[in-house]
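Per-entry structural report
Below are the chains, spelled out letter by letter.
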Amino acid sequence: MNTHQHDLSPFRHSHAFGDAGEAARGRALLAVTWVTLVTMAVELVAGWWTGSLALTADGWHMGTHAAALGGAALAMHWSRRVREHEGFAFGGWKIEVLTAYTSALLLAAVAVGLVIESIRSLARPEPIAFGEAMTVAALGLVVNLASVWLLSRAGGQHGHGHGHGHGHGHGHGHGHGHGHEATHAPAHHGHGHRDDHNFRAAYVHVLADAFTSLLAIAALAGGLWWGWRWLDPVVALVGALVIGQWSLGLLRSTSRALVDATADEPLRQAVRAAVESDGDAKLADLHVWQVGPQAHSVMISVVADRPLAAADYRARLHALHSVRHVTVEVHRCTGGAAEA
């Protein structure tokens, strides 16, 4: 009876594909959520006290933003908690992506609503309390600029992400069986938060609101000083178009991540060039997809006349910092040059 126990610890690897800056981004999201909630409460109380419908309406508007920002913070927290759970193949990053996709849909709905309201206002102009509306817009602008500042500071903190790759090598040919080997790769490092879809969606959310507040102030000033009532709905239309563009960009990036779309072609070509650099190895199969902010998984099938160990092919990808999880399958070419 074989009593040998395999020590698997050197070959296990983490599926935590975050970076050191994610903690700061999480704290910033919570801070912005609390700022928005406090502003909502102040506006609702002030609206009730003064009887201002504009303040009351903006208070509930702030509530929708607090829900979106709080959802982003909760998604980041939940993602960190389940990242090592076996029920999630590559950690919980997709939770954040799904939240970002939902936020992008809400932004698109806001853009459509602005278009409808703008067209309605152009067709049937209604009286506007310019002074009161400008006060609300100015308050909203201050809060949103503060939120943009908090998020941009956190987003600007670049960190190093750490991960481990593994390779599986299978040698085939001449009627022999196949062996199995695993390699434990050193960590790779990634910078930035550009692919943190959840954080980016929250940032775009507050940026869009700051943008619309700024446009509203300009339009209301035109109406107050020169009587240009038509300026308010026209400016709202411009804001809707810009927000619509931002939401479409978010929808494109998050939907690709949700369906594990193939990574951008430059990264695929870099992987292929690195593995095939010896002139012998060729990639029969190549899969590259995103598994975290600035983190990609790679699965390759290598065919060579003189195949090397899986660890050797894995080592060729060390310079690609965003490649954090690698599976390598190695085959001997059955129709190539004679075996040396």
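The notes below deal with the structure included here. Keep in mind that this is a model prediction, so the values were computed, not measured. (Residues numbered from 1 in each chain as written. Predicted model: local features only at pLDDT ≥ 70, side-chain atom pairs only at ≥ 80, totals over all residues. Heavy atoms only, no water.)

Another point: the overall build of the protein chain. Looking only at helices and strands, one finds 8 helices and 5 strands in the protein chain. When the helices and strands of the protein chain are read in sequence order from the N terminus, they spell out α-α-α-α-β-β-α-α-α-β-β-α-β. Taking all 340 residues of the protein chain together, the buried fraction comes to 43%. In the protein chain, 75% of the contacts between residues at least 6 apart in sequence involve partners at least 24 apart. Of the roughly 17600 Å² of accessible surface on the protein chain, 64% is carried by carbon and sulfur atoms. (Helix = DSSP H or I, 4+ residues; strand = E, 2+ residues; numbered from the N terminus. Buried < 20%, exposed > 50% of the residue type's maximum accessible area, 1.4 Å probe, protein only. Contact = heavy atoms within 4.5 Å. Areas by Shrake-Rupley, 256 points an atom, 1.4 Å probe, with all protein chains shown as cover.)

Another aspect to go through is a nonpolar patch on the surface. Among the surface-exposed residues, Leu 122, Leu 224, Trp 225, Trp 226, Trp 228, Trp 230, Val 234 and Val 238 lie close enough to one another that they form a single nonpolar patch of about 870 Å² accessible area. Secondary-structure elements contributing two or more residues to the nonpolar patch are helix H5 (197-226) and helix H6 (231-258). Along the chain, the position of Leu 122 falls in helix H3 (residues 93-123). (Patch = residues over 30% accessible without salt bridge, like charges linked within 9 Å, V, L, I, M, F, W, Y side chains within 5 Å. Salt bridge = Lys/Arg side-chain N within 4 Å of Asp/Glu carboxyl O.)

The final tally for this structure, using the stated rule, is 5 salt bridges. Between Lys 94 and Asp 260 there is a salt bridge, with the nearest N and O atoms lying 2.9 Å from each other. Of this pair, Lys 94 sits in helix H3 while Asp 260 sits in the loop between H6 and helix H7 (265-275); the two residues are 166 residues apart in sequence, bridging distant segments of the chain. We classify Lys 94 as partly exposed; its relative accessible area is 29%. Classification of Asp 260 as partly exposed rests on a relative accessible area of 39%. The residue Arg 272 makes a salt bridge to Glu 276 at a minimum N-O spacing of 3.5 Å. According to the relative accessible area criterion, Arg 272 is partly exposed, its value standing at 26%.

So, on to the sheet that holds strand S5 (residues 323-332). Taken together, the 3 strands give an open sheet; going across it, the order is S3-S4-S5, and neighbouring strands pair in mixed fashion. Both outer strands of the open sheet, strand S3 (282-292) and S5, are each paired with one neighbouring strand and no more. For this sheet the average axis-to-axis angle between neighbouring strands, irrespective of direction, equals 10°. Pairing geometry for S3 and strand S4 (residues 295-304), over 9 bridges, is antiparallel. (Pairing = 2+ DSSP bridges. Axes fitted to C-alpha atoms, helices over the stretch in contact; angles between N-to-C directions.)

Next up on the list: the nonpolar core. Formed by 21 residues in total, the largest nonpolar core has its most connected members in Val 271, Val 298 and Ile 300. Looking at this core, the elements that each hand over two or more residues are H7, S3, S4, helix H8 (310-315) and S5. Residues within four places of Val 271 in sequence aside, it is in contact with Leu 286, Val 298, Ile 300, Leu 317 and Leu 320. Counting residues in each nonpolar core, the second largest holds 14 residues, with Ala 28, Leu 29, Ala 154 and Phe 199 among its members. (Core = buried A, V, L, I, M, F, W, Y, C linked by side-chain atoms within 4.5 Å.)

On to the packing of aromatic side chains. Using the criterion set out here, one finds 5 aromatic pairs in the structure. Relative to Trp 226, the ring of Trp 225 has its centre 6.0 Å away and its plane inclined at 85°; by these criteria the two rings are edge-to-face. The exposure classification of Trp 225 matches that of Trp 226, with both residues exposed. Taken together, the aromatic side chains of Trp 225, Trp 226, Trp 228 and Trp 230 make up a single cluster linked through ring pairs. Positioned over the ring face of Phe 199 is Arg 25, at 5.9 Å from the centre of the ring. (Phe/Tyr/Trp six-rings, centres within 6.5 Å; stacked < 30°, edge-to-face > 60°. Lys NZ or Arg CZ within 6 Å of the ring centre and 35° of its normal.)

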